[in-house]
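Residue strings, one per chain:
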Amino acid sequence: MSSMIVPVIDVQNDNFKELWPAMVLAIKSSSFIALDTELSGLGSRKDLLAQCIEERYKAICSAARTRSILSLGIACFKKLPDKAPHTYLVQVYNLTLLCMQEYVIEPQSVQFLVQHGFDFNKQYAQGIPYHKGNDKGGDLQSQSMRALFLEVIQARKPLVLHNGLIDLVFLYQCFYAWLPDRLGTFTADLSEIFPAGIFDTKHAAEFEVRFMASYLEYAYKKCKRENFKSVEAGGPGPHLSLEFCNYTERLCTYIDFRQCTEGGGERETGEEGPPDICMRFSAYGWCPNGSQCTLSHNTDLIIEQDEQNKKSKDHKRRRKNKRKFKAAREESRAPNEPDRVEHESSPPNKQLCLEDDKMREDRGSVKETASADVVESMKDALLAEEVERKDMSDEQVVEEAQGSNGTENKCEPQVISGNGTGDQNDVAIPQGEKEGSKGKEKQKAAEGGTHRAGFDAFMTGYIFAYVTTLKAGAETDPSSGACLPDCLNKVYLSGKSVPLQIVKSSFSKSSKAHTLKMESVWGKI
């Protein structure tokens, strides 16, 4: 089993200006940018699942105006044309932020973040300051969060998020302008802010590649697992390869090196035989029993069991269809017609082909569960999905990024390189600093489980890169925004069978604040 180290650069107020040139270069030269946020809270959970999408949007706006972004993850993926197809250079940043206006912070958010390594002392001492709402004088001329977000906008690259509606609303309010009151105006603004398109990897996991589950850690590890199988098989099929930068010895002091092993899931200590999987966690990525749950929350094992169940189910279906086919032949055969042997290699009849279509449809349906109470709690599960990776109750926080029995380190998200090692690339470094050797790069202990904005952004970008590797041709440029046309400008909506379309309709106008800002940045639009 091979492994790689994913460097996540911690950015705070005391090194923000030092790292500014490298961050801007990474953004401008990227093929696409993945973002993720950590929030101080979300307010009323019930309103987040309102059947009316307009009401749902208003509830998120209310949260964005009264809460704040505590941490922002930025993962820049640059496709390398001179390397093997589907090879990317990846740079990941985790920015600790501090809103300078009054804001609400919810106790369950504090519990969740602290248990996953978030340092509130560091945030208040070294958080990068910002203010919400419209621009103030000099905001865009200085090295500030608003200016950095403007660099993301001016790069005109595809924006990638996971379950991204909440992220989009908070990003708009915190770093762009005061939120418009109507959803149609908001989507009209977004369509102009990100002309290369917005992609939601939760929508891609559920509707494009049709995974059994679509929460972030499951989708990421499923992509990693499938990519590793492709690499191990050594066939001509496409696979994703990642490379990372060489960093100076000084910059290494800012980096959280994440050890990521490759291959299948790891069994928990002392585990023998098939594990007892928690069906709630397996399907939705959370469990109301939290750390008190006696069943396994190990995502690798959940994926492994899903694959075994799928094979068993497909095998039983084929045997059942073959028996039906034989019975139909027996009934339709003339009395004096001699018996004929049906071989395994015989081509299926039309009925079996239709059954195969049904099998594919079933594989994309909602994950099956073993108990009736799981089905009855569907609405609660959908709510948990909407606030996934944003804010959890104290019953959910422990198990969100941990395997059961505290095996979070064994369940670290994993990344795959096509050759298992990957060449390293230099990053822009301040003058006068010497480049540290690879031997001096030491892996720091993870500050928490898998849940940090920077690493979550990396997982989000990895899913997108892998899905485009499967669906797009080798020559397709992800920066064009046309690499996944069926996912372009479609944002996942929990509890809905259709996504939110990020388009400017003939019935909606752009907001005044957005229009003024775009004119100041681009000239008249």
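Residues numbered from 1 in each chain as written. Predicted model: local features only at pLDDT ≥ 70, side-chain atom pairs only at ≥ 80, totals over all residues. Heavy atoms only, no water.

- In the annotation of an unreviewed UniProt entry, the entry for the protein chain reads Target of EGR1 protein 1, and the organism field reads Acipenser oxyrinchus oxyrinchus.
- We quote the UniProt Sequence similarities (unreviewed entry) comment for the protein chain here in full: "Belongs to the CAF1 family."
- The heading Function (unreviewed entry) in the UniProt record of the protein chain holds the text "Inhibits cell growth rate and cell cycle. Induces CDKN1A expression as well as TGF-beta expression. Mediates the inhibitory growth effect of EGR1. Involved in the maturation of snRNAs and snRNA 3'-tail processing." (UniProt positions renumbered as here; feature names shortened; annotations may be inferred.)

## A few points about the packing of aromatic side chains
Right, so step 1: In this structure the tally under the stated criterion is 21 aromatic pairs.
Right, so step 2: Ring geometry for Phe 455 and Phe 458: centres 5.5 Å apart, planes at 55 degrees, overall tilted. Remark: Phe 458 and Phe 455 occur in helix 16 (residues 453-471); sequence separation between them is three residues, near one turn of the helix.
Right, so step 3: Taken together, the ring pairs in this structure connect Phe 32, Phe 77, Tyr 88, Phe 199, Tyr 220, Phe 244, Phe 455, Phe 458, Tyr 462 and Phe 464 into an aromatic cluster.
Right, so step 4: Above the ring of Tyr 492, the side-chain terminus of Lys 202 is found at 5.0 Å from the ring centroid. (Phe/Tyr/Trp six-rings, centres within 6.5 Å; stacked < 30°, edge-to-face > 60°. Helix = DSSP H or I, 4+ residues; strand = E, 2+ residues; numbered from the N terminus. Lys NZ or Arg CZ within 6 Å of the ring centre and 35° of its normal.)

## A look at helix 7 (residues 183-193)
In an α-helix, one full turn covers 3.6 residues, which means residues spaced three or four apart are oriented alike.
Right, so step 1: For helix 7, a buried count of nine out of eleven residues is recorded, marking the element as mostly surrounded by other parts of the structure.
Right, so step 2: Taken residue by residue, helix 7 has Leu 183, Gly 184, Thr 185, Phe 186, Thr 187, Ala 188, Asp 189, Leu 190 and Ile 193 as its buried positions.
Right, so step 3: Buried residues belonging to helix 7 abut helix 2 (53-66), helix 5 (145-155), helix 6 (165-175), strand 7 (198-200), strand 12 (500-501) and helix 17 (512-522). (Buried < 20%, exposed > 50% of the residue type's maximum accessible area, 1.4 Å probe, protein only. Contact = heavy atoms within 4.5 Å.)

## Things to note about the environment of Arg 452
Right, so step 1: With respect to the helices and strands, Arg 452 occurs in the loop between strand 10 (425-426) and helix 16.
Right, so step 2: Residue Arg 452 is classed as buried on the basis of its relative accessible area of 9%.
Right, so step 3: For the pair Arg 452 and Phe 118, spaced 334 residues apart in sequence, the C-alpha separation works out to 7.9 Å.
Right, so step 4: In this structure the side chain of Arg 452 is engaged in a polar contact, spanning 3.0 Å, whose partner is the side chain of Asp 256. (Polar contact = N/O pair within 3.5 Å; in protein donor to acceptor, adjacent residues only side chain to side chain.)

## Observations concerning the pairing of strand 8 (residues 241-246)
If a strand is regular, its side chains alternate between the two faces of the sheet.
Right, so step 1: Burial of strand 8 is extensive: six of the six residues sit out of reach of the surface.
Right, so step 2: Bridge count for strand 4 (residues 87-99) against strand 8 is four bridges, and the pairing is parallel. Its bridge partner lying in strand 8, Leu 89 is registered against Glu 243. (Pairing = 2+ DSSP bridges.)

## Topic: the nonpolar core
Right, so step 1: Leu 95, Met 145, Phe 175 and Phe 186 are the most contacted members of the largest nonpolar core, which totals 80 residues.
Right, so step 2: Filtering out sequence-adjacent residues up to four positions away, Met 145 remains in contact with Phe 16, Leu 72, Leu 95, Leu 97, Ile 128, Pro 129, Tyr 130 and Phe 175.
Right, so step 3: Residues Tyr 215, Cys 278, Phe 281 and Cys 487 belong to the second largest nonpolar core, which totals 49 residues. (Core = buried A, V, L, I, M, F, W, Y, C linked by side-chain atoms within 4.5 Å.)

## Overview of unusual backbone geometry
Right, so step 1: A positive phi angle is found at Arg 156, which is not glycine, with a value near 55 degrees.
Right, so step 2: By the element assignment, Arg 156 lies in the loop between helix 5 and strand 6 (159-161).
Right, so step 3: A relative accessible area of 43% means that Arg 156 is categorised as partly exposed.

## Quick look at the environment of Ile 33
Right, so step 1: Of note, Ile 33 is situated in strand 2 (residues 32-39).
Right, so step 2: In this structure Ile 33 comes out as buried when scored by relative accessible area, which is 1%.
Right, so step 3: Note: C-alpha distance between Ile 33 and Leu 159 (126 residues apart in sequence) is 5.3 Å.
Right, so step 4: Sequence-distant contacts of Ile 33, defined by excluding residues within four places in its chain, comprise Ile 27, Ile 74, Ala 75, Val 152, Lys 157, Pro 158, Leu 159 and Val 160.

## So, the state of the cysteines
Put plainly, two cysteines are in a disulfide when a covalent bond ties their sulfur atoms together.
Right, so step 1: Evaluation of the coordinates by the stated rule reveals zero disulfides.
Right, so step 2: Just so you know, Cys 278 is unpaired, no disulfide at all, and the nearest cysteine sulfur is the one on Cys 287, 3.8 Å from it. (Disulfide = S-S within 2.5 Å.)

## Observations concerning the packing of helix 6 against helix 7
Right, so step 1: Running from N to C, helix 6 and helix 7 point in directions that differ by 80 degrees, and their axes come no closer than 12 Å. Between helix 6 and helix 7, the angle is such that the two are roughly perpendicular. Seen from helix 6, the contacting residues are Leu 165, Leu 168, Val 169 and Tyr 172; seen from helix 7, they are Phe 186, Asp 189, Leu 190 and Ile 193. (Axes fitted to C-alpha atoms, helices over the stretch in contact; angles between N-to-C directions. Parallel < 35°, antiparallel > 145°, perpendicular 65-115°, else oblique.)

## Remarks on the confidence of the model for the protein chain
Atomic detail in the predicted coordinates should be set aside for any region of low pLDDT.
Right, so step 1: Overall, the predicted model of the protein chain reaches an average pLDDT of 77, with 69% of residues at or above 70.
Right, so step 2: Under a pLDDT of 50 for its full length, residues 337-380 has, in the predicted model, 49 contacts with residues more than four places off or in other chains. (pLDDT = per-residue confidence, 0-100.)

## Remarks on empty space enclosed by the protein
Right, so step 1: Taken as a whole and judged by the stated rule, the model has four cavities of 30 Å³ or more.
Right, so step 2: Counted as a void, the second largest cavity has a volume near 50 Å³.
Right, so step 3: Lining the second largest cavity, in full, are Phe 149, Leu 159, Leu 168, Leu 171, Tyr 172, Tyr 176, Leu 190, Ile 193 and Phe 194.
Right, so step 4: For the lining of the second largest cavity, the secondary-structure elements that each account for two or more residues are helix 6 and helix 7.
Right, so step 5: In terms of residue count, the dominant contributor to the lining of the second largest cavity is helix 6 (three residues).
Right, so step 6: Across the lining of the second largest cavity, the residue classes break down as nine nonpolar, no polar and no charged. (1 Å grid on protein atoms, 1.4 Å probe; cavity = no way out; pocket = protein on both sides within 12 Å on 5 of 7 lines; lining within 4 Å. Points joined across faces, edges and corners; volume = space filled by probe spheres on them. Nonpolar A, V, L, I, M, F, W, Y, C, P; charged D, E, K, R; others polar.)

## Thoughts on the side chain of Asp 167
Right, so step 1: The residue Asp 167 is located in helix 6 in this model.
Right, so step 2: Look at Asp 167 and you get buried, because its relative accessible area is 0%.
Right, so step 3: At 2.6 Å, the side chain of Asp 167 forms a polar contact with the side chain of Thr 37.

## What to know about the packing of helix 1 (residues 16-29) against helix 5
The angle between the axes and the distance between the axes are what describe a pair of packed helices.
Right, so step 1: Direction vectors running N to C along helix 1 and helix 5 enclose 15 degrees, while the axes themselves pass 9 Å from each other. When the interaxial angle is binned, helix 1 and helix 5 end up roughly parallel. For the pair helix 1 and helix 5, the sense of crossing is right-handed. Within the contact between the two elements, helix 1 uses Phe 16, Trp 20, Met 23, Val 24, Ile 27 and Lys 28 and helix 5 uses Met 145, Ala 147, Leu 148, Glu 151, Val 152 and Ala 155.
Right, so step 2: Considering only residue class, the contact of helix 1 with helix 5 consists of ten nonpolar, no polar and two charged. (Left-handed = near helix turned anticlockwise from the far one by under 90°.)

## Some remarks on the pattern of salt bridges
Right, so step 1: Applying the stated criterion to the full structure yields 20 salt bridges.
Right, so step 2: Note that Arg 67 is salt-bridged to Glu 106, the shortest N-O span being 2.9 Å. Remark: Glu 106 occurs in the loop between strand 4 and helix 3 (107-115) and Arg 67 occurs in the loop between helix 2 and strand 3 (69-79); sequence separation between them is 39 residues.
Right, so step 3: Given a relative accessible area of 14%, Arg 67 falls into the buried group.
Right, so step 4: A relative accessible area of 7% means that Glu 106 is categorised as buried.
Right, so step 5: Here the residues in one salt-bridge network are Lys 222, Arg 225, Glu 226, Lys 229 and Glu 307, joined through shared partners. (Salt bridge = Lys/Arg side-chain N within 4 Å of Asp/Glu carboxyl O.)

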